[in-house]
Amino acid sequence: MRRILLASLAPISAIVFSLIVASIALMLVGRSPITAFGAMWDFARTSTSVASMINRAVPLYISAVAVAVGFQMGLFNIGVEGQYLLAALFAGWVGGNIVLWAPLHIAVILAVAIIVGMTWSGIAGALKVTRGVHEVISTIMLNFIGFSVIAFLLLNYFKDPNGSSLNLATPPLPPSGQLPNLNWLFGALGFSEPRGIDLHGFAVFAIVVGVFYYLLVWRTRFGYELRASGINPGAARMAGVDPNRMIMNTMLISGGVAGLVGLAAVFGNLQSYTQDFPRNLGFNGIAVALLGRNHPVGMALGALLFGFMDRSALILDLKDTPKEVVTIMQGVVVLAVVIAYEVVNRFIERLEIRSAAEATREAVEGAAA
Amino acid sequence: MTDMRTEIETSSAPAWAANRWMRLAALIIGGVLLLAVVQSVSDTSELTTSGTWAAALRLSVPIMLAGLGGMFSERSGIVNIGLEGMMIAGTWFGAWAGWSYGPWQGVLLGVAGGAVFGLIHAIATVTFAVDHIVSGVAINILAAGSMRFLSVVTYTPESGGGATQSPGIKSQIATFDVPVISDFFNWLEAKRIFFVSDASGIIAGLTSNLSWLTVIGLAIVPLSWWVLWRTAWGLRLRSCGENPYAAESLGVPVLRMKYYGVVISGALAGLGGAYLVVVQAGIYREGMTAGRGFLGLAAMIFGNWNPVGTMVGSTLFGYADALRLRQNEAVHALLLAVAIVLVLLAVWSAIRRRYTPAIFEGIFGVLFFTWYITTDSVPSQVVAATPYLVTLLVLAIATQRLRMPAADGLRYRKGEAV
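The residue numbers shown here count from 1 along each chain, following its written sequence. Written order decides the labels, with chains lettered from A and ligands numbered from 1. Local features in a predicted model are, by the rule used here, given only for residues with pLDDT of at least 70; side-chain atom pairs are given and counted only at 80 or more, and totals for whole chains, interfaces and linings are based on all residues.

Undergrad: Quick one: what's the story with the nonpolar core, residue by residue and with numbers?
TA: What tends to happen in soluble globular proteins is that the nonpolar side chains get buried as a cluster. The term nonpolar core means buried Ala, Val, Leu, Ile, Met, Phe, Trp, Tyr and Cys residues held together as one set by C-beta atoms within 7 Å. Labels follow a simple rule on C-beta atoms placed from the backbone: if 20 or more others lie within 10 Å of a residue's own, it is buried; if 12 or fewer, it is exposed; otherwise it is partly exposed. Tyr61, Val65 and Ala88 of chain A are the most contacted members of the largest nonpolar core, which has 227 residues in total. Every helix listed is a DSSP run of H or I at least four residues long, and every strand listed is a run of E at least two residues long, numbered separately from the N terminus. Tallying contributions element by element places helix H3 (residues 47-71) of chain A first for this core, with 16 residues. Here the contact rule is simple: place C-beta atoms from the backbone, and any two residues whose C-beta atoms are within 7 Å are in contact. Once residues within four sequence positions are removed from consideration, tyrosine 61 of chain A is found in contact with Ala206, Gly210, Val288, Met299, Ala300 and Ala303 of chain A. With seven residues, the next largest nonpolar core counts Leu228, Leu237, Ala247 and Met257 of chain B among its residues.

What follows is the structure, given as structure tokens:
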């Protein structure tokens, strides 16, 4: 109980801090924060908003898991951004150009996305293992190279010849490649069904990814070695864990998971890869991973929080309040949460030192008496 | 060029210094000759025109400023991938003050805006010892979000402004031609003499219609070299990036030095952002930095954490960008130049009996030549990706030559020496 309390202390204080910063920003421009946050809260409590919130949380969660796999061993995959966009392009293109038995069709789309994501992150892994190139630098470079590759392929080879030339897109998914929506869930739970927005079926895969992540990291030998390499690389190597193999495998798994991020939109509201495909999910995934401290449930809560912010911000425009205040909150929350963890850790450290000192003193006094 | 050469030969500088300048001069002359040759055999005329080089200069200065900023931060031991965010702040505040007061005020406030985000990065990474990459990512998210917020609040009601762009700035910063030199080389460029006119075009491009802010930006290169490598303060700053505990034991205020490094870093990135607004666009547009902060980071790595190297890197990137914007066929001609360079490198390696690199360079030289022969143009996306590809290749191939500060990116807490 005390552990959960301490673990949630940092994120909660970070969220409170970001609320304070956002309130100050709103007050500076002459808007009432209480009205704004009240409106957001009210707006978010409809079935439609909940569906939208979950839809927004799904890719963020998968992205966070992709980042967290690397974090477990101190690897920083900052290239989720490029990996998911590239993967979504290929998956959308392949999915839109074939017609198969539905489950097989969906499996093919998933496989393409995973393989493309793995390939792109694998380059960074291979560069690190063979040439010692730091993965942060190589993945940043690979992001930009990826953006160019996408622009080139979409324009020259992958665009739907029958589509609009204003917004280039891959051909739309045929019916066999579409996932059913989950709107019935609301009815089953006794709520009204969402209107105008579907709860996308891809949400199921986010849960699968979360379970996979939990089992991989805490229930397999690989996960044990992964965590060991993160906590003490030297000791792990002495125990026979090959660091190069770990780096390569971790980058591949991270990239494979990252490949799935963009499918939320491909299977969701877009049904193809488009020129204005959602961006920044990779970077926001890093934020969510930090907020949830690489824990499968913590990250889910973080993703839902971000989804809630994004969705409920939409009402602010009607209230003559800039909805961008939410982006400030997201930036502040990331920075605040890492600082809060640091402060809490130092605090715990000091407590432990004190209790250890007291225990020693008692022992000494006991021996003297 | 020849003037410079004789001057150095007759000067009393130490042998190694003369040698280094000689090599640089030889490299520059060789490069111009190469461009002249390529230009004469291919169907382009833009490789060495004054227009191309003036554009290259304008495009490379912001990248260079971001790169120099990154260098100050990393030399003090703090990795800064928040350069992009700091640059975004520079563009916004530069445009805001440029629109409200004037271009020079825009420059000042742009620098201040970048420095503020540098300060946030410093508080997180230096005082709280947060992971540098994490903080940098957060800075980028935070800067983009808050600038959008500020735009909505400030620019939406104004005519010409909106949620994603500002009204135009009041006026541009004055430009000037370098007297005599500019006229003379412009005249010589028009003569169309092989090599002479090519070199003249480059010089004319770099000396005509110069913005004062460009001059200031370029002056920061030697200035930062002097500060970091010729002053006690610079030595202290660099020692914090190499071995903070040793520096600490000698009485260097490590935490404070790191603060200086990161705040200067933000200020320079902010200056780069303000440059984009004040010299190039004349307004703020959301996303106008377009990854130039990261490009600066790439230029810094390419330049081996040195000011001159950073400048060379950003010039290469800016030149490629200028060619793409002016004439895509010119980029195609550049393939031939790359092929020639690779073949020459292969010959050089073979002479020095280093056969493995020679074979690789030869193969790639032939590949580039085939690419040149079999196509008519290079897709613009390839050009856009080139700086990043080059940086990756440099990192992968020249790992022994590159050396980042030894304690760069490591967490430092006062008095924790092991």
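Undergrad: Give me the lowdown on the domain arrangement of chain A, citing residues and values where you can.
TA: Residue and element names in this part refer to chain A. When cut into domains, chain A gives domain 1 (1-31 + 324-349) and domain 2 (53-321). Segmentation into domains, and thus their bounds, comes from an automatic or database assignment. Using only C-alpha atoms to locate each centre, domain 1 and domain 2 end up separated by 26 Å. Tallying the contact residues gives ten residues for domain 1 and eight residues for domain 2. Listing elements by their share of the side of domain 1 that touches domain 2, those giving two or more residues are helix H1 (2-28) and helix H15 (325-368). The element that contributes the greatest number of residues to the side of domain 1 that touches domain 2 is H15, accounting for seven residues. Taken together, the residues of the side of domain 1 that touches domain 2 sort by class into eight nonpolar, one polar and one charged. Amino acid classes used here: Ala, Val, Leu, Ile, Met, Phe, Trp, Tyr, Cys and Pro are nonpolar; Asp, Glu, Lys and Arg are charged; the rest, including Gly, are polar.

Undergrad: Could you give me a rundown of the packing of helix H9 (residues 221-231) of chain A against helix H11 (residues 243-261) of chain A, with the residues and numbers involved?
TA: Residues and elements named next belong to chain A. To obtain each axis, a line is fitted to C-alpha atoms, and for helices this fit is confined to the stretch in contact; angles are then taken between N-to-C directions over 0 to 180 degrees. Across the interface, H9 lies against H11 with an axial gap of 11 Å and an inter-helix angle of 110 degrees. Here H11 runs roughly perpendicular to H9, going by the angle between their axes. For the pair H9 and H11, the crossing hand works out as left-handed. Between H9 and H11, the contacting residues are Glu225, Leu226 and Ser229 on the first element and Pro243, Met246 and Thr250 on the second. When grouped by side-chain class, the residues that make up the contact of H9 with H11 number three nonpolar, two polar and one charged. Note on angle classes: values under 35 degrees are labelled roughly parallel, values over 145 roughly antiparallel, values of 65 to 115 roughly perpendicular, and the remainder oblique. By convention the crossing between two helices is left-handed if the near helix lies anticlockwise of the far one by an angle smaller than a right angle, and right-handed if it lies clockwise.

Undergrad: Lay out the interface of chain A and chain B with the relevant residues and their values.
TA: With 35 residues of chain A at the contact, the number on the chain B side is 36 residues. Considering every element that reaches the side of chain A that touches chain B, the biggest residue donor is H15 of chain A, with eleven residues. Class assignment for the residues of the side of chain A that touches chain B results in 26 nonpolar, six polar and three charged.

Undergrad: Could you give an account of the environment of alanine 368 of chain A, with specific residues and numbers?
TA: Residues and elements named next belong to chain A. As for its position among the elements, alanine 368 is in helix H15. Residue alanine 368 is classed as exposed on the basis of its C-beta count, with 6 C-beta atoms lying within 10 Å. For the pair alanine 368 and leucine 301, spaced 67 residues apart in sequence, the C-alpha to C-alpha distance is 52 Å.

Undergrad: Which residues make up the confidence of the model for chain B, and what values do they have?
TA: Residue and element names in this part refer to chain B. Per-chain confidence: chain B averages 88 in pLDDT, with 95% of residues scoring 70 or above. This stretch, residues 1-13, has a pLDDT under 50; its non-local contacts, to residues over four places away or in other chains, come to ten contacts. For this predicted complex, the interface score ipTM comes out at 0.89, alongside a pTM of 0.90. Residue-level confidence of the predictor is summarised by pLDDT, bounded by 0 at the bottom and 100 at the top.

Undergrad: I'd love a proper account of the packing of helix H14 (residues 296-312) of chain A against H15 of chain A, names of residues and values included.
TA: Each packed pair of helices is defined by two parameters, the angle between the axes and the distance between the axes. Residue and element names in this part refer to chain A. Interhelical geometry of H14 versus H15 gives an angle of 160 degrees and a closest axis separation of 9 Å. It follows that H14 is roughly antiparallel to H15 by the angle criterion. For the pair H14 and H15, the sense of crossing is right-handed. Contacts between H14 and H15 involve Phe306, Met309 and Asp310 from the former and Val326, Met329 and Gln330 from the latter.

Undergrad: Tell me what's going on with the domain arrangement of chain B, and back it up with residues and numbers.
TA: All names here are of chain B. Each assigned domain of chain B is listed with its residue range as follows: domain 1 (44-304) and domain 2 (327-401). Here the C-alpha centroids of domain 1 and domain 2 sit 29 Å apart. Contact with domain 1, which involves seven residues of that partner, is made by nine residues of domain 2. Classifying every residue of the side of domain 1 that touches domain 2 by side-chain character gives five nonpolar, one polar and one charged.

Undergrad: So what's going on with the environment of leucine 260 of chain A? Residues and values would help.
TA: All names here are of chain A. As for its position among the elements, leucine 260 is in helix H11. For leucine 260, a count of 29 C-beta atoms within 10 Å corresponds to the buried category. When the C-alpha positions of leucine 260 and valine 209 are compared, they lie 9.3 Å apart, and in sequence the two are 51 residues distant. Ignoring any residue separated from it by four or fewer positions in sequence, one finds leucine 260 in contact with Ile62, Ala113, Ile114, Phe205 and Val209.

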